[in-house]
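# Architecture and fold: a report
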Amino acid sequence: MTKETIKAGAWGIAVTVALAVLIIVGSRNLAHFDAALVAYTFATLFAAFGITYRYAMWLQRPPTALYWKRGWQVFLRPQYLARNIATWFKRVTGDMALNHFIARRGALRWSAHMLIMWGCIIAIAITFPLVYGWIHFETLPNDTEWYRAYLFGFPTFAFPIHSLMGFLIFHGLVWASFLVIAGVMLAMRRRMRDHGAAAVQQFAEDFLPIILLFAISVTGLMLTASYTWMRGYAYDFLAILHAITVIFTLLWLPFGKFFHIFQRPAQLGVSFYKDIGALEDHAHCRRCGEAFASRMHVEDLIEVERKLGFRYEMANEAGHYQWICPRCRRAMLALAQGRMWRGESQI
Amino acid sequence: MSALPNQLNDIIEHYGPHLAFSEGVRLATDAEPDKVVKTHCCFCGQQCGIQLKVKDNVVIGFEPRVDYPFNKGMLCPKGVKRYLQGAHPDRLITALRRDPASPGGFSSMPYDEAIARTAAEIERIQATYGNDAMGVLSGASLTTEKAYLMGKFARVALKTPFIDYNGRLCMVSAGAGNKKAFGVDRAANPWSDILGAEVVWISGSNVAECAPITTNYVWQARENGAKIIVVDPRITPIARTCDLFLPIKPGRDIALFNGILHLMIENDWLDHDFINNWTVGFDAAAEHVKEWTPRKTAEVTGITERAIRQAAEWWGKAKTSFLMHARGIEHHSHGVQNVLGAINIVLASGRIGRENCGYGTITGQGNGQGGREHGQKCDQLPGMRDISNPEHRAHIAGIWGIDEKEMPQAGVDAYEIFRKIDRGEIKGLLSICFNPKVSLPDNNFVARMLDKLEFYVAIDFFLNESAYHADIVLPGSLHEEDEGIVTQIEGRVIKINKAVDPPGDAKQDWRIIQDIARAMGRERGFTFNEPREILDELRVASKGGIADYYGITYEKIERQNGVFWPCYNEEHHGTPRLFEPGSWNPIAKGAGPFYFPDGKARINVAPYTPPAEDVDEEYPIMLTTGRVISQFLSGTQTRRIGPLVEQYPEPRIEMHPRLAEKLGIENGDWATAESRRGVITLRAQVVTTIRPDTIFIPYHWAGAKSANQLTISAQDPISKIPEYKVCAVRVRRAAGAPDWANEQGELAGQTHRPNLVG
Amino acid sequence: MAVPSHLEFFVDPNRCIGCKACVQACSECDTHKGYPMIHLEYIDRAHSVQTVPVICMHCDQPTCAEVCPADAIKRTGDGVVQSARKPRCIACNNCVIACPFGVPKMETGFKLMMKCDMCYDRSSAGLKPMCAAVCPSGALFYGTREQIEQSRPRSQAVKKFQFGGQTITTKVNMMTPKVASAEYLDVTAAMDEQTIGKEITFNILDAASGY
């Protein structure tokens, strides 16, 4: 076992234990915990371990580690902090909540991602607290037609069961699954028809996540259909089927495409790194003199490259190849080749 | 009455040029084409094979066509983006009539009414002023079937001698020179002969930008050991890494060729057997070039003696060679002499008519070759026959079913047609596939003449700048909307296949011509139902002529991937290489390989004369013009294709830093170039890749950006080609930006780049 | 599907004429439609028409992938270094400035690195990448080793490049003169080179006088 894996394993255990404690505390010593959902609970605990382990491993790769460190450093720099916080809210709304950058890649793509993302967010916001016993509902003592929601055992708002509000709340997962199914359809359509996607897509990486989301949504809807219209026909079987799809997805979270959910926030760190880099010293190409990146970025990359074992050091005054801009790199490639031919054709 | 509508921007707003980019289904990554059509590119004379992807009657993209041997899938940027000319917002889909009250200066009219009006106007003009008062301007981008029909239409339906074509600006010097020297006008060799040449000599051709696929042949020859010699006033991309670059002063090519011949004689780098057996006139030429010593040649051409001697040595000692030239030596008031000079050094070397020994002119337009063979040239009848030769007249009159006496005699060249308008001799004009207001020299004069016409009908698929002056515009067809044959750079006849139908009221051009003939009650001989029927008549008409197409059919072209003319009968495979020992031709009839009764080639005395307008104190700088790779000719198509416009958005004045410094001009400054005929203000591009005594302006743009405002209308006395490649100008730093740069101008209404989908 | 192992890419910038057919065709490929990934630039237009086409060289150990903090750049089994995986790329620009050949492009609006992927939709189906299919000068050639050896007798293909102390081995070949019998191309050694090609004044008779 390497140092990295031990570290990552420790983090994984810590987070898993912390989640377990939160479940116990949040459900008031399991008072509100539904034993029927215990399989789900253990699946999420395992997923928490897996995700944390992988995240910690990922953070220990030299480029990621550096970005992680620098991202926080520049974010917390006192002179930029206020501005950074304001920008943070803007970016969380624009890029994270509204997926603006995906919208620019294409309307269809954006629609699919928004539907799936918000469907999943709604579903997770409903199911996880329920499974952990963090939320439960009780009828009002004086009126059985009213429900009150409890969060971590504390009473919150109440609503009539047979109201629109009640209907919306109790069918929250139905609405979420509608969103997810619509998004999945759009995504699947693209995967089936797009020539570019066809060239690079793989089953495990690209189709499996769509299939899993579809399976979770459909089996969930079948549960609703079973108890709403079919007097619970095949309910137990469907419940197991649904549980299998959900648990499989949870266990697969750290390994597959869904891990991007946890990686994506790094984009925020990167954006602050770029902001501050642009405000401070620039790196000037040591061949053409043009600015091409922030000085911090170039120096950081040199460090990363050294850690990775690259030897881009140059013997001349340039010092390190990283001080040469991309345009000059391309020019030098042609010049290096062209000068070999010079003697050949009396150029 | 023709008069240019005042609101130029108004016309542009309605009729373009607007820029088309890929969008919608053309940008979709999930589009499945309904069909993929094997055809050729619509632009230059190389006629690269290409496959067009078609969906719902729109060309949505391309796929390389690797099975066609000339280009094996290769294309230049124009070929890649050619598909964007279809389904274009500027496309004319109805007939138009001049209507100054209407937005854009024109209003739509029913097609039949436009035809009737055209026929009536032609009849009125011819009844009032005589048949000769009608002129016809045609083009060499038309298929050979259409080109043939245009010649016939002028002589048989309009009964006017005055038809000429835009090959007058392109291929005529080479054509005349080739006919004088070889008796036939066609590249002598297939391009595959370049590959095995020891020396490749390129004179006056920006191969990389004007015939891009030829680049591969040249580099491939070098890979096989060839030395590449390039003669040009500019270091073009092919010149950059050539083996020997001769930076010639514009207009001095004949001096160089004479100087080379002088050195070949002096060093006895001659093929005496070949000269004795198969040429006539060597001694006179040898006598003439005696005075062209290396020193004199150097003084006239502006090239060092050392370089001239090196070129002569390589050329003289080579066992195999290929010489090619293009407009750089042909666009001159002595263009034919330049060509003859080039041919002289080929004939003296004896390196022709054999494998890897070749000569060819680089054809400019798509059908630059086929379009100059079958009678749309003012002095020519189908099969490269001569309109003043009684036998030829009788043969063609028989096929056309007219009395030989009815057939008009030779007409005049395209520019002379405008001088005839000036003199009031021509009152009506029909143009197709020709944009003289952009492409003719001294084009302010041309614009005035278009206004002077009583009636002008233009046929085109976009409203080109000349058509601004038209009374009626008839909506013609794009390349991909019709079928027919063209003859490419090597003399290979190939087949254009139809991919889509013309939209709206737009019609295939040959139908429009026939409709006009019918409306005039002169439909006899103009009742073809499809291009194949026109080809069948053309085949018979060309039979026995120099350009004999009798054995060429669509099926044979398909089967052989092209047929080289002459092709005498159905069994004949065609003639890829001309002048092979023992080869048969209808003129020599076995006497020898060349197309003269004695079978011998002619070595001509080619005397040097300076350009018509040499530099002087008042106009001390030479102007030369040419192309850029992303645009084509007068730009009617390519100035409407967004990605091509982005590649080179507007013309610039190229000048050497030494000249720029003298003039106080820096790279990117606005600079004004002025000749005795016109003035232009463009941005300066200061580069060391041009002679310091010369500036260069590309010619594809219209209006205030048109280089041909400056060029001179001096013409070669034989070929009548204008001297585009050299005139005298003066240049100064401009006080400020020109008007066109301040207005929306020609980029008005350009569409935005759409986003990536998927 | 994978790129067939007998088909290889050969680049010879010395042949390039700067026509941009490659750029125009690149934007027609379905994996990056509308966005050309190939670079084609003048080196110094004021002094030369020399141009350089740069495609991804597909390194055996891609620097871009190693410096990627998001682990977004993957090399498929056939040796093709793919464009960044869209869900992972966080648009940090590391790859853009670290690639020794200067290949990746950052589409800032998309928050996505895009790069030449050898037109994977085409090459994985046995077709030529768009740029090499159309290139009229032979600067970009895609075919078998036998074809290139037969058609370029003066040339020798190398796939090793030296950048300072670092040697990079690639899938894509660079054509060098056979007489040089070079094992690798020393890129950083060309640091002070300006442009390569003819000088207009070299053979002009009266270069010193007048204009």
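In short, a report on the structure. Keep in mind that this is a model prediction, so the values were computed, not measured. (Residues numbered from 1 in each chain as written. Chains lettered and ligands numbered in written order. Predicted model: local features only at pLDDT ≥ 70, side-chain atom pairs only at ≥ 80, totals over all residues.)

## Some words on the overall build of chain C
Stated precisely, the cut-off is as follows: For the purposes of this entry, the term helix denotes a DSSP run of H or I that reaches at least four residues, the term strand denotes a run of E that reaches at least two, and both are numbered from the N terminus. The globule rule used for comparison is 2.2 Å times the number of residues to the exponent 0.38, while the radius of gyration itself is calculated over C-alpha atoms. Working definition of burial: number of other C-beta atoms within 10 Å of the residue's own, with buried at 20 or more, exposed at 12 or fewer, and partly exposed in between, all C-beta atoms being placed from the backbone. Residues are scored as being in contact if the C-beta atoms we place from backbone atoms lie within 7 Å.
Across its full length, chain C carries six helices and nine strands. For chain C, whose C-alpha radius of gyration is 18 Å, the value lies close to the compact-globule estimate of 17 Å for 211 residues. Looking at chain C as a whole, 66% of its 211 residues are labelled buried. In chain C, 58% of the contacts between residues at least 6 apart in sequence involve partners at least 24 apart.

## Remarks on the packing of helix 3 (residues 62–76) of chain A against helix 14 (residues 295–308) of chain A
Residue and element names in this part refer to chain A. We apply this condition: Angles shown run from 0 to 180 degrees and are taken between the N-to-C directions of axes, each axis being a line fitted to C-alpha atoms and, for helices, limited to the stretch in contact. Put simply, a crossing is left-handed when the front helix is turned counterclockwise from the back one by less than a right angle, and right-handed when it is turned clockwise. Residues are sorted three ways: Asp, Glu, Lys and Arg are charged, Ala, Val, Leu, Ile, Met, Phe, Trp, Tyr, Cys and Pro are nonpolar, and all the rest, Gly among them, are polar.
As a packed pair, helix 3 and helix 14 sit with axes 9 Å apart at the nearest point and diverge in direction by 150°. Seen along the crossing, helix 3 lies across helix 14 with a hand that is right-handed. Residues Pro62, Pro63, Leu66 and Arg70 of helix 3 lie in contact with helix 14, whose contacting residues are Asp300, Glu303, Val304, Lys307 and Leu308. Partitioned by chemical class, the residues of the contact of helix 3 with helix 14 number five nonpolar, no polar and four charged.

## A short note on the sheet that holds strand 2 (residues 49–55) of chain B
Two strands in a sheet stick together by hydrogen bonds in their backbones, pointing the same way (parallel) or opposite ways (antiparallel). Residue and element names in this part refer to chain B. Applicable threshold: Two strands are said to pair when DSSP picks up at least two bridges between them.
Taken in spatial order, the three strands line up as 1-2-3 in an open sheet, and their pairing is antiparallel. Every interior strand has two partners, whereas the edge strands, strand 1 (35–40) and strand 3 (58–64), have only one. Neighbour to neighbour, the strand axes of the sheet diverge by 35° on average, direction disregarded. Two elements, strand 2 and strand 3, share six bridges in a ladder whose sense is antiparallel. The residue bridging Leu52 from the neighbouring strand is Phe62, located in strand 3.

## Some thoughts on the interface of chain C and chain A
Across the boundary between the two partners, chain C contributes 58 residues, which contact 53 residues of chain A. If you list the elements that add at least two residues to the side of chain C that touches chain A, you get strand 2 (39–42), strand 3 (51–54), helix 2 (63–66), helix 3 (94–98), helix 4 (120–123), strand 8 (166–177) and strand 9 (185–186) of chain C. Its residues assigned to classes, the side of chain C that touches chain A shows 31 nonpolar, 16 polar and 11 charged.

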